[in-house]
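The primary structure of each chain is shown beneath.
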Amino acid sequence: MKKSAKEYLNLAVGIRNGSTAFLRSEQVEMRNMVSAIRGDKHLTRDGRIAKEKEMKGKKGADFLAKLLNRKQQHDANLTKAIKVAEKTLKAKVKKPAQDEIDEFNRNFRNVKMEILLSNRPDQAEKRLKEFISEKVTDSYYAELVSQDFTEIIGSIVSAAGPQAPVFKARLFDQYQSLQNDFASDEVKEAREVKEMAEAYLNGGMFGGFIAEQAANDAFGNEVGFYLNKPEEFFAIEKNIEHKPADFVDPELAEEARYQTAYQNINQNWGN
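Rules used throughout
- Residues numbered from 1 in each chain as written.
- Predicted model: local features only at pLDDT ≥ 70, side-chain atom pairs only at ≥ 80, totals over all residues.
- Heavy atoms only, no water.
- Helix = DSSP H or I, 4+ residues; strand = E, 2+ residues; numbered from the N terminus.
- Rg over C-alpha atoms; globule rule 2.2 N^0.38 Å.
- Buried < 20%, exposed > 50% of the residue type's maximum accessible area, 1.4 Å probe, protein only.
- Lys, Arg positive; Asp, Glu negative; His and termini not counted.
- Charge placed at Lys NZ, Arg CZ, Asp CG, Glu CD.
- Core = buried A, V, L, I, M, F, W, Y, C linked by side-chain atoms within 4.5 Å.
- Contact = heavy atoms within 4.5 Å.
- Axes fitted to C-alpha atoms, helices over the stretch in contact; angles between N-to-C directions.
- Parallel < 35°, antiparallel > 145°, perpendicular 65-115°, else oblique.
- Left-handed = near helix turned anticlockwise from the far one by under 90°.
- Nonpolar A, V, L, I, M, F, W, Y, C, P; charged D, E, K, R; others polar.
- Salt bridge = Lys/Arg side-chain N within 4 Å of Asp/Glu carboxyl O.
- Phe/Tyr/Trp six-rings, centres within 6.5 Å; stacked < 30°, edge-to-face > 60°.
- Lys NZ or Arg CZ within 6 Å of the ring centre and 35° of its normal.
- Expected span 1.5 Å × (residues − 1).
- Arc of directions from axis to C-beta.

Considering the overall build of the chain
- Per the secondary structure count, the chain includes 13 helices and zero strands.
- Reading the chain from its N end, one meets helices and strands in the order α-α-α-α-α-α-α-α-α-α-α-α-α.
- Here the C-alpha radius of gyration of the chain, 26 Å, is well above what a compact globule of 271 residues would show, namely 18 Å.
- Overall, the C-alpha framework of the chain stretches about 85 × 60 × 35 Å when taken along its three principal axes.
- The buried share of the chain, reckoned over its 271 residues, is 37%.
- Within the chain, one finds 42 positive and 43 negative side-chain charges whose respective centroids are separated by 4 Å.

Printed below as a string of structure tokens:
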């Protein structure tokens, strides 16, 4: 990868932030075409309706084809951001000796079981804090606990009843401390970039009803439904012929070739 995780994330954010302007531009172009059709005196009323419907279908598929390529570029940059961030985290977080890790995991499993079985949220919270204070001595162990923190928080908060918001706020502070107390600035940035990239990768580029309605108004009721999932539109048999060539990211393709070659070498040596 030739850029930093943050640079890849920013490239994806640029595509993401330009989505509304892209939709608006396509919408204006479609409106102008519809206006021209409706003003065509050489067509009958039925002819204008038929031509408008045909044009909307064609332009709608064309719009989704462009959108698919934008989404593929967006997702490729997020994938690279995650990969680079993970490499940074792996390189910067020093792994302790395996016997120490095994002992930590045994202790952590016991504490998690105590917390999950407890019906006293105050005692469960206290036990968690004691474990973190006594056993979490570096960023590697902090990361191990962080990975299971959602499950732990859920158990404590669900037993807290009306006090759930209070416990949730305190436990969130504990999570933030766990994330930051042992981490360098480089690790903090890598973790933040990874979390943001994963969230964007799992979410659509368009948010809310307004964008969906705008797409439907411009191209027909079907298009808005596929606004955040254009790949599904082109998976339908009747639309396959309109599917554009997939965007192939050269850096990810190069990495895939390298991994394939590496696996082949290992298999040959293994034989």
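Focus: the nonpolar core
- Within the largest apolar cluster, 26 residues are counted, with the highest numbers of intra-cluster contacts made by Phe104, Leu128, Val136, Val145 and Ile156.
- Taken together, the elements giving at least two residues each to this core come down to helix 4 (98-117), helix 5 (121-135), helix 6 (139-147), helix 7 (149-158) and helix 8 (164-180).
- Those residues in contact with isoleucine 156 that sit more than four places away from it in its chain are Ile115, Pro121, Ala124, Glu125, Leu128, Phe167 and Leu171.
- The next biggest cluster of nonpolar side chains, apart from the first, holds 23 residues, and it includes Ile15, Leu23, Met30 and Phe219.

Concerning the packing of helix 7 against helix 8
- One way to put it is that helix 7 packs onto helix 8 with a least axis distance of 9 Å and a crossing angle of 160°. Classed by the angle they form, the pair helix 7 and helix 8 counts as roughly antiparallel. Here helix 7 and helix 8 pass one another in a crossing that is right-handed. Packed against helix 7, whose contacting residues are Phe149, Ile153, Ile156 and Val157, the element helix 8 presents Ala164, Phe167, Lys168, Leu171, Gln174, Tyr175 and Leu178 at the interface.
- Of the residues belonging to the contact of helix 7 with helix 8, the class tally is nine nonpolar, one polar and one charged.

Describing the pattern of salt bridges
- The full count for this structure, using the stated rule, is 21 salt bridges.
- Residue lysine 56 pairs with glutamate 52 through a salt bridge whose shortest N-O separation is 3.6 Å. Highlighted residues: lysine 56 and glutamate 52, both in helix 3 (residues 45-92), separated by four residues, approximately one helical turn. Summarising the burial analysis for this pair, lysine 56 and glutamate 52 share the class buried.
- The partner of lysine 129 in a salt bridge is glutamate 125, and the shortest N-O contact between them spans 3.6 Å. Separated by four residues within a single helix, lysine 129 and glutamate 125 lie in helix 5, roughly one turn from each other.
- The exposure class of lysine 129 is partly exposed, given its relative accessible area of 37%.
- Overall, the relative accessible area of 5% leaves glutamate 125 in the buried class.
- Residues joined in a network through salt bridges with shared partners are Glu29, Lys59 and Asp62.

Thoughts on the packing of aromatic side chains
- If you walk through the whole model with that rule in mind, you get eleven aromatic pairs.
- Here the aromatic rings of phenylalanine 149 and tyrosine 175 are separated by 5.5 Å at their centres, their planes lie at 40°, and the arrangement is tilted. Of this pair, phenylalanine 149 sits in helix 7 while tyrosine 175 is found in helix 8, placing the two residues 26 residues apart along the sequence.
- Over the ring of phenylalanine 22 we find arginine 70; its NZ or CZ atom is 4.7 Å from the centre of that ring.
- Stacked on the ring of phenylalanine 225, the Lys or Arg lysine 229 has its end atom at 4.0 Å from the ring centre.

Re the side chain of glutamine 174
- Structurally, the position occupied by glutamine 174 is in helix 8.
- Judged by relative accessible area, glutamine 174 falls into the buried class, the value being 16%.
- Not counting residues within four places of it along the chain, the set of residues in contact with glutamine 174 comprises Lys129, Ile132 and Phe149.

As for helix 9 (residues 185-201)
- The terminal C-alpha atoms of helix 9 lie 24 Å apart, and with 17 residues this matches the ideal 24 Å at 1.5 Å per residue to within 8%.
- Every buried residue of helix 9 is accounted for by Val187, Ala190, Arg191, Val193 and Ala197. For helix 9, the angular spread of the buried residues around the axis is 165°, confining them to a single face.
- Looking at the buried positions of helix 9, the neighbouring elements they touch are helix 1 (5-17), helix 3, helix 6 and helix 8.

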